[in-house]
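Geometric and topological summary
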Amino acid sequence: MTDVTRSSLELLFAISRELTTDLDLHTVLSRVLASSSKYVGAERASVIVLNEQQEPVEGAIIVHDRLVPHTVDQLRTTLEHGLAGWVMRNREGALIQNTSLDDRWLRRPDDAAEKSGAKSAICVPIITRDRAVGVLTIVHPVPDFFNEEHLALLQAIADQAGIAIYNAQLYDSLQGAHRRYHELFEDSIDPVWITDFNGSILEANRQSERMSGHEPNSLGTHTASDMLDLPPGWLDEHRPALEGGSEISQEAQLFSHHGSPVPVEVHIRKVDTGTVPTLQWILRDLSARKALDALRDDLMAMIYHDLRSPLSNIISSLDMLNMLMPAADRGTLQPVLTIAQRSSERMQRLISTLLDIYRLEAGQVVSGRYPVDVITLVHEAVDAVQPVVETKNQVLHIDVQPEIPQVLADVDMIRRVLINLLDNATKYNSYHGEISVIARTIGDEVEFSVKDNGPGIPPVALQQIFDKFTRLQVERAPKGLGLGLAFCKLAVNAHGGRIWAESRVNEGSHFIFTLPVAPA
Ligand code: ADP
């Protein structure tokens, strides 16, 4: 190896060491400039760093070994009009012996012959992984100061700088991602833990410390099973599923230094946070939901006891009044009494329906099922809607197959199903509309159907209308809660039957349900 080759290699090694010892972009840039002026012998040097869109984002300028302030706009002008722009576009270095004779040089006032500005310059692209990440320029106040060797050396510095800049940018974006993740973790409104697969807490966010009443940074000595009332061996049992990437959810109580435990829903899944496999635990506070559940239960109990029994008393008192009413007063008082009776019966049906929805949704079975006479059932249901049918001048046909067998049902509940369907058939139908109620046997079931020639239901909504609170968006829709059909579905299904709707828009609707025939 010749002395020249050896000293060049030593020089490159020294430059590489100087540039790659730091990961902070600003430090790297000032080192690049320091090396450039030191080894190439420049008075001024600048480096511009570009983003993926080739726009300047960072830079540094030194004059006589001192960093001078600049703006990104200044860097942009240099890049658009000056030698740096030419170098970037052509992706090759340029040596200018005399700036006043070269059009590629963007001349500034102090570059004039009598002043101390740039007279000779070298500019090279900084390329890394085939992408231009910047441009490095050095200038000297004396013409013909630089030669081809300087150009080659500056290109070698730029190549080393490329790697250092690339690493610094990578490090910066990693740091940013880490900061963002940490902020999300810390600021989450839910408590979050990171544990190993044995449940030992490796990290806990502020909210988890707040909720459990632990001092900041003190959860590290705990395990998930210290903090939650999980059954023994629960985590081991779910380990295979968690390792396979499934998310596990579980209701538990979080022990708290504040006093009584907090009900939480825990969502656990595997996360890749480093070399060891870890679990992320998100704990959702259920206190508010539990309080609402308790309130709903109290409300239901209140409806059941405090509304139902007085209402039954009102209904039986009205019946009594009806019986005891003197014949002479009947003409004037009967209509008033009938209104009171029908309204209170209606209210009683609504309360029973709300209660049934609550009970059937909770999975309660229908216990009081007895053989029910279909003709009586249909006539009782029709009687309940008859006043509205008459008010709207509608026509109601009853078509029950002769000698139809009895069905096995809770008669009060199924009567309310039929009344609900008939109620809808009159309510959504126009004046003078037609309604029919049909009952016939099919195999070991009785099929009930209620037909109307009203507005009908679009095909997309035929199933949805059986969901709670679903009502079709139509102009001037009659009043309703959207609970009737949900109740019908729950009630019929609880009897082992099926319910569905068929319809043609503007032609009418047809609701059908089945019930099992009562054993002989
Ligand atoms: P509600 O009648 O109180 O709104 P329902 O659960 O009984 O609640 O019915 C849900 C929706 O289904 C109604 O709002 C209405 O849009 C539609 N619907 C039910 N029955 C009929 C019918 N016979 N004709 C037209 N639309 C109906």
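Whatever comes next refers back to the structure up there.
Notes on the structure in this doc start here. (Residues numbered from 1 in each chain as written. Predicted model: local features only at pLDDT ≥ 70, side-chain atom pairs only at ≥ 80, totals over all residues. Heavy atoms only, no water.)

Things to note about the overall build of the protein
- A count of helices and strands for the protein gives 14 helices and 18 strands.
- The C-alpha atoms of the protein give 42 Å as radius of gyration, which overshoots the globular expectation for 520 residues (24 Å, by more than 25%).
- Here the C-alpha coordinates of the protein stretch approximately 130 × 55 × 45 Å along the principal axes.
- Taking all 520 residues of the protein together, 40% fall into the buried category.
- Of all intrachain contacts in the protein linking residues separated by at least 6 positions in sequence, the fraction that spans at least 24 positions is 60%. (Helix = DSSP H or I, 4+ residues; strand = E, 2+ residues; numbered from the N terminus. Rg over C-alpha atoms; globule rule 2.2 N^0.38 Å. Buried < 20%, exposed > 50% of the residue type's maximum accessible area, 1.4 Å probe, protein only. Contact = heavy atoms within 4.5 Å.)

Examining the sheet that holds strand E9 (residues 248-256)
- Across the sheet, which stays open at both edges, the 5 strands sit in the order E8-E7-E11-E10-E9 with antiparallel pairing between neighbours. Of all strands in the sheet, those with a lone pairing partner are strand E8 (201-204) and E9, marking the two edges. Each adjacent strand pair in this sheet contributes to an overall mean axis angle of 30°, direction not counted.
- Taken together, the 4 bridges between strand E7 (residues 192-195) and strand E11 (residues 278-285) define a ladder with antiparallel strand orientation. Paired with Trp 193 across the strands is Trp 281, a residue of E11.
- Sheet contacts for helix H5 (residues 148-187): E7 and E8; angle to E8, the most-contacted strand, approximately 85°. (Pairing = 2+ DSSP bridges. Axes fitted to C-alpha atoms, helices over the stretch in contact; angles between N-to-C directions.)

Focus: the environment of Val 135
- Looking at the secondary structure, you find Val 135 in strand E6 (residues 131-140).
- Val 135 gets classed as buried once you look at its relative accessible area, which sits at 1%.
- Spatially, the C-alpha atoms of Val 135 and Gly 59 are 9.5 Å apart, while their sequence positions differ by 76 residues.
- With near-sequence residues (within four places) excluded, Val 135 lies in contact with Ser 46, Val 47, Ile 48, Leu 79, Ala 84, Val 87, Met 88, Cys 123, Val 124, Pro 125 and Ile 126.

Here we look at the pattern of salt bridges
- Enumeration according to the criterion identifies 18 salt bridges in this entry.
- Across the salt bridge formed by Asp 356 and Arg 359, the nearest N and O atoms sit 3.9 Å from each other. Here Asp 356 and its partner Arg 359 are both found in helix H10 (residues 327-361), 3 residues apart, which amounts to about one turn of the helix.
- Ionic pairing is found between Asp 412 and Arg 415, a salt bridge with its closest N-O pair at 3.5 Å. Here Asp 412 and its partner Arg 415 are both found in helix H12 (residues 411-427), 3 residues apart, which amounts to about one turn of the helix.
- One connected set of salt bridges, linked through shared partners, spans Asp 356, Arg 359, Glu 380, Asp 412, Arg 415 and Arg 416. (Salt bridge = Lys/Arg side-chain N within 4 Å of Asp/Glu carboxyl O.)

Focus: the sheet that holds strand E17 (residues 499-504)
- Taken together, 5 strands build an open sheet; the order of strands is E13-E15-E16-E18-E17 and the sheet is mixed. Of all strands in the sheet, those with a lone pairing partner are strand E13 (395-400) and E17, marking the two edges. Averaged over all neighbouring strand pairs, the angle between strand axes comes to 15°, with direction disregarded.
- The pairing of E13 with strand E15 (residues 434-442) spans 6 bridges and is classified as parallel. Paired with Leu 396 across the strands is Ile 435, a residue of E15.
- Sheet strands in contact with helix H11 (residues 374-391) are E13, E15 and strand E16 (445-452), and its direction is about 175° off that of E13.

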